[in-house]
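Listed here are the chains, written in short residue letters.
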Number of protein chains: 2
Amino acid sequence: MKKHNYSAGPCILPKEVFEKAAQAILDFNNSGLSILEISHRSKDFVAVMEEARALVLELLGLEGKGYQALFLAGGASLEFLMVPYNLMKVDGKAAYLDTGTWANNAIKEAKLFGETLIVGSSKAENYNHIPKNYSIPADASYFHCTSNNTIFGTQMKSFPNTDIPVVCDMSSDIFSRSLDFTQFDIIYAGAQKNMGPAGTTLVVIKEEILGNSGRMIPGMLDYQQHIAKESMYNTPPVFPVYASLLTLQWLKNLGGIAAIEKINEAKANLLYTEIDRNPLFKGVSAVEDRSLMNVTFDLENEAHQEKFDAMWKAVGISGLTGHRSVGGYRASIYNAMPIESVQVLVDVMKELENKI
Amino acid sequence: MKKHNYSAGPCILPKEVFEKAAQAILDFNNSGLSILEISHRSKDFVAVMEEARALVLELLGLEGKGYQALFLAGGASLEFLMVPYNLMKVDGKAAYLDTGTWANNAIKEAKLFGETLIVGSSKAENYNHIPKNYSIPADASYFHCTSNNTIFGTQMKSFPNTDIPVVCDMSSDIFSRSLDFTQFDIIYAGAQKNMGPAGTTLVVIKEEILGNSGRMIPGMLDYQQHIAKESMYNTPPVFPVYASLLTLQWLKNLGGIAAIEKINEAKANLLYTEIDRNPLFKGVSAVEDRSLMNVTFDLENEAHQEKFDAMWKAVGISGLTGHRSVGGYRASIYNAMPIESVQVLVDVMKELENKI
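Calculation rules
- Residues numbered from 1 in each chain as written.
- Chains lettered and ligands numbered in written order.
- Predicted model: local features only at pLDDT ≥ 70, side-chain atom pairs only at ≥ 80, totals over all residues.
- Heavy atoms only, no water.
- Helix = DSSP H or I, 4+ residues; strand = E, 2+ residues; numbered from the N terminus.
- Domains from an automatic or database assignment.
- Contact = heavy atoms within 4.5 Å.
- Buried area = accessible area lost by both parts, 1.4 Å probe.
- Salt bridge = Lys/Arg side-chain N within 4 Å of Asp/Glu carboxyl O.
- Polar contact = N/O pair within 3.5 Å; in protein donor to acceptor, adjacent residues only side chain to side chain.
- Nonpolar A, V, L, I, M, F, W, Y, C, P; charged D, E, K, R; others polar.

1. Concerning unusual backbone geometry
All names here are of chain A. Pro10 follows Gly9 through a cis peptide bond whose omega is -10°. By secondary structure assignment, the location of Pro10 is in the loop between strand 1 (4–5) and helix 1 (15–26). Non-glycine residue Phe175 carries a positive phi angle of around 65°. Its location among the elements puts Phe175 in the loop between strand 8 (166–169) and strand 9 (186–190).

If you want it as structure tokens, here you go:
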């Protein structure tokens with residue numbers, strides 16, 4: 001049976017990525033060697049890393065604008081501490097927007113480095129919306145936000161105008177929609193949603209903001225050292241970087257971010273329309289802040305849960321259960337999710353309505 | 001043509017690991033999903049992580065002895081700073097043995113945390129031997145050493161007796177030889193030599209030594225937090241962990257460390273015997289400290305280099321060029337390298353002798 005993988009991450013990737021990645025494990029570039037056994041200093045892998053770094057900047061429209069792309073290891077959670085290590089001045093402070101669990105994890109790490117101001121929070125409403133009308137102190141070292149909240153299904157539709165560096169955790173919506181990416185000074189994202197498999201983290205940095213924190217930074221946590229070594233400060237996670245390159249190539253061939261954005265809007269529209277139309281269901285997050293990536297919804301009547309769960313499982317849907325801190329359902333409809341799979345879910349929702 | 005992959009790391013892995021890993025990318029455990037798209041919280045992946053962690057302790061003979069195994073991301077280079085963060089007391093000091101480039105990189109990071117004593121060094125002789133007869137101060141927070149020096153081809157044959165915690169970077173010889181592993185309190189190793197592909201780092205920790213540094217440790221750098229979350233503090237590098245499990249299973253099926261040690265000794269003996277016998281070649285490192293993993297050697301007369309290089313390339317050998325800081329040649333003969341491949345190299349060395 002065909003599977004419809006709604007996992008929140010790691011998540012669905014394009015089928016051609018799986019096929020090419022499996023082939024490269026058996027024989028990479030007709031070298032007679034596996035991608036898993038070649039040196040990261042080999043000509044073939046250096047070319048992978050260079051193409052991946054360049055393609056990121058090309059897709060984001062950041063070529064020639066003073067940005068560098070790095071593929072690091074450790075997960076986006078490591079960036080939670082690398083950001084303050086590199087940017088928060090000694091005796092300085094930083095401004096954070098609190099939009100959910102991951103924003104909170106970033107805040108927790110920042111507090112170890114200095115004063116961490118929460119300039120806005122939707123915690124009291126269990127993060128069902130994005131805070132608005134907050135102000136950012138001009139003397140903070142940087143402003144940090146999370147563009148898409150995987151767990152709660154909210155997404156920032158605009159970003160504040162400020163003169164201080166803007167750092168954005170885009171783990172769950174990078175490469176999914178058109179934005180003016182020059183408004184950010186650091187963008188970071190764990191690969192395992194729209195970019196590739198778990199095991200590497202993309203960091204895009206406007207180079208000129210670095211070098212001012214006044215801290216002694218361990219080499220492995222120092223963005224400047226990673227940039228100087230062209231993302232090869234130490235052995236990079238070779239296979240995750242390669243599989244990410246395959247995913248970025250797939251996106252480019254599809255027409256880039258502008259093309260995938262249209263598909264993502266169509267998918268989200270299809271599902272939210274059904275949630276709003278079908279009397280058995282309700283959306284969880286504020287309508288104006290609804291995520292195009294993670295659609296959180298619930299049954300109006302939990303007595304229907306057993307029947308609904310059996311129905312979506314029967315058609316090959318997996319990963320639809322909501323996160324424990326929200327409950328209900330979460331449909332993660334990342335870039336690689338085809339609209340046909342969303343239609344399968346919508347059909348099940350309609351079928352439930354007919355049966356009740 | 002069959003390839004003989006002498007890369008220093010990432011390096012050769014067992015062929016069955018490549019085959020099973022490629023299959024899991026197309027369909028993992030007959031789930032209809034790729035190993036690259038499943039949730040790290042799925043039953044199937046949790047089982048992978050649990051088996052990998054348990055198998056490490058079993059292979060090292062550390063089951064039920066108060067140790068925990070973690071599969072982290074970031075590379076062994078991240079451990080260079082996690083070790084002092086977790087173990088070096090505020091206002092305390094640490095003792096390091098300086099046996100080469102990687103030991104030096106560890107020392108550099110430790111210095112950011114406090115007094116870092118170099119208790120022995122072979123730097124003056126370009127690290128061609130392991131320092132001996134050094135003493136370790138009893139009031140240091142820990143002693144750190146590198147068991148095998150990939151670049152220089154030296155290997156510690158014994159380890160000092162001391163009452164303070166012993167931390168060992170075993171990146172390039174873990175799972176290759178029998179040792180009393182209870183003499184170590186932390187063992188860490190980047191996967192990409194004997195354990196799997198690049199992208200995960202094994203850390204084996206005697207749990208009782210943790211929690212005494214008096215430092216505020218960021219979550220992602222805190223061994224206790226990783227242990228509490230059973231190596232899932234954040235999304236782990238799913239595929240590298242899975243491929244590592246496949247490699248550990250291969251080793252166990254072969255008979256474990258005792259079995260591979262015999263094979264490794266036979267391979268190293270074959271090659272060193274030829275280096276010592278053949279008048280055209282010489283070994284680089286001190287005989288008593290020769291590594292069983294990385295065999296460094298050179299031509300007596302560099303005029304023969306062009307001919308020798310053409311000959312080994314012609315028979316499908318790759319990755320034999322020595323590291324730039326040593327020169328000459330380096331044959332990395334990790335666990336997965338078959339003795340037949342070592343024989344091919346030895347045959348080329350004999351052939352060169354016959355031709356000169």
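2. Digging into the domain arrangement of chain A
Residues and elements named next belong to chain A. In terms of domain boundaries, chain A breaks down into domain 1 (15–254) and domain 2 (257–355). The distance between the C-alpha centroids of domain 1 and domain 2 comes to 28 Å. Each side of the interface is counted separately: domain 1 has 27 residues, and domain 2 has 26 residues. Together, the buried faces of domain 1 and domain 2 total about 2,100 Å²; carbon and sulfur atoms form 54% of this surface. Summed over the shared surface of domain 1 and domain 2, the number is two salt bridges. In this structure, Glu288 engages Lys132 in a salt bridge whose closest nitrogen and oxygen atoms are separated by 3.7 Å.

3. Digging into the interface of chain B and chain A
Between chain B and chain A, the residue contacts involve 52 residues of the former and 52 residues of the latter. Both faces combined, the contact of chain B with chain A buries some 3,800 Å², and carbon together with sulfur accounts for 70% of it. The interface formed by chain B and chain A contains zero salt bridges. The tally of links between chain B and chain A comes to ten residue pairs in polar contact (both at pLDDT 80 or more). Elements that contribute at least two residues to the side of chain B that touches chain A include exactly helix 1 (15–26), helix 3 (76–87) and helix 6 (238–254) of chain B. Ranked by residues supplied to the side of chain B that touches chain A, first place goes to helix 1 of chain B with six residues. Of the residues assigned to the side of chain B that touches chain A, the class counts are 31 nonpolar, 17 polar and four charged.

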